[in-house]
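Spelled out, the chains give:
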Amino acid sequence: EPEVTQTPSHQVTQMGQEVILRCVPISNHLYFYWYRQILGQKVEFLVSFYNNEISEKSEIFDDQFSVERPDGSNFTLKIRSTKLEDSAMYFCASTEGSGYGYTFGSGTRLTVV
Amino acid sequence: GENVEQHPSTLSVQEGDSAVIKCTYSDSASNYFPWYKQELGKGPQLIIDIRSNVGEKKDQRIAVTLNKTAKHFSLHITETQPEDSAVYFCAAFLNSGYSTLTFGKGTMLLVSP
């Protein structure tokens, strides 16, 4: 069964450093998403991406965050100048059409120290 | 925006019993309601979904019901097994403008042998 692949599975970074989280969506999917889950809390939407541009973003997704699809397979989330409160699980997801049938990756656990 | 409430936050049952998890949503325009199972250290996995033109859907031991008038939907698991133990999330999808998933806070289901 097709999978969404995320790397790394765990990233530890110093406060103030930049991190890049990587995702390989399912190959025939057109919509890509980043969600995050702070420990013990609900999964929250960050951003959606379609046709090489951001289609929607939440209040969480401020200037500290950016996304990119640098080639035909990867989809990245960059967090500049990380803060302690950025510590969370970050999930990438993709869909073939808008919104239905999300497939989530296994996540990247980001720990900011 | 959409708001999804989920109850209970934890649910303990004996193997073989049934488990019911309930969610309510706020935006009557939401039209797609998936349920996800999340095991420790993994991403959410879609287990069943329902669209707003259907009142009930069943897949083996799992069923979902939707009451559009009351704006609530429920997950029913029959003949529970220890491997059903996980966190279950409901979500609502509003295919209009902000076309992303809004998640409930999750229910930790514990099935005791």
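Below: a short report on this structure. (Residues numbered from 1 in each chain as written. Chains lettered and ligands numbered in written order. Predicted model: local features only at pLDDT ≥ 70, side-chain atom pairs only at ≥ 80, totals over all residues. Heavy atoms only, no water.)

## A word on unusual backbone geometry
The step from Thr-7 of chain A to Pro-8 of chain A runs through a cis peptide bond, and the omega angle for that step is -10 degrees. Mapped onto the elements of the fold, Pro-8 of chain A is located in the loop between strand E1 (5-7) and strand E2 (10-13). Unlike most non-glycine residues, Ser-81 of chain A shows phi in positive territory, near 45 degrees. For Ser-81 of chain A, a relative accessible area of 46% translates into the label partly exposed. A positive phi angle, close to 60 degrees, is found at Gln-60 of chain B, a residue other than glycine. (Helix = DSSP H or I, 4+ residues; strand = E, 2+ residues; numbered from the N terminus. Buried < 20%, exposed > 50% of the residue type's maximum accessible area, 1.4 Å probe, protein only.)

## Some words on the environment of Asn-67 of chain B
Residues and elements named next belong to chain B. With respect to the helices and strands, the residue Asn-67 is situated in strand E7 (residues 62-67). Judged by relative accessible area, Asn-67 falls into the partly exposed class, the value being 32%. Along the backbone, Asn-67 and Ser-26 are 41 residues apart, and their C-alpha atoms lie at a distance of 13 Å. Of note is the side chain of Asn-67, whose polar atom sits 3.1 Å from the backbone nitrogen of Thr-69. (Polar contact = N/O pair within 3.5 Å; in protein donor to acceptor, adjacent residues only side chain to side chain.)

## Re the sheet that holds strand E7 (residues 65-68) of chain A
Backbone hydrogen bonds are what pair the strands of a sheet, in a parallel or an antiparallel way. All names here are of chain A. With antiparallel pairing, the four strands of this open sheet are ordered in space as E1-E3-E8-E7. Pairing within the sheet leaves two strands with one partner each, and these edge strands are E1 and E7. When strand polarity is set aside, the average angle formed by the axes of neighbouring strands in this sheet is 20 degrees. Alignment of E7 against strand E8 (residues 75-79), held across four bridges, turns out to be antiparallel. Residue pairing across strands places Val-67 opposite Leu-77, the latter belonging to E8. (Pairing = 2+ DSSP bridges. Axes fitted to C-alpha atoms, helices over the stretch in contact; angles between N-to-C directions.)

## A closer look at the pairing of strand E6 (residues 56-59) of chain B
Residues and elements named next belong to chain B. Across four bridges, E6 lies against E7 in antiparallel orientation. Bridging from a neighbouring strand, Lys-58 pairs with Ala-63 of E7. In this antiparallel pair of consecutive strands, E6 and E7, the connection spans two residues, and Gln-60 shows a positive phi of 60 degrees.

## Topic: the pattern of salt bridges
As enumerated under the stated definition, the model contains five salt bridges over all chains in all. With a shortest N-O distance of 3.4 Å, Glu-44 of chain A and Arg-36 of chain A are connected by a salt bridge. Judged by relative accessible area, which is 24%, Glu-44 of chain A ranks as partly exposed. Among the salt bridges present, the one from Lys-42 of chain B reaches Glu-39 of chain B, with a minimum N-O distance of 3.7 Å. On the basis of relative accessible area, Lys-42 of chain B is assigned to the partly exposed category, the value being 43%. (Salt bridge = Lys/Arg side-chain N within 4 Å of Asp/Glu carboxyl O.)

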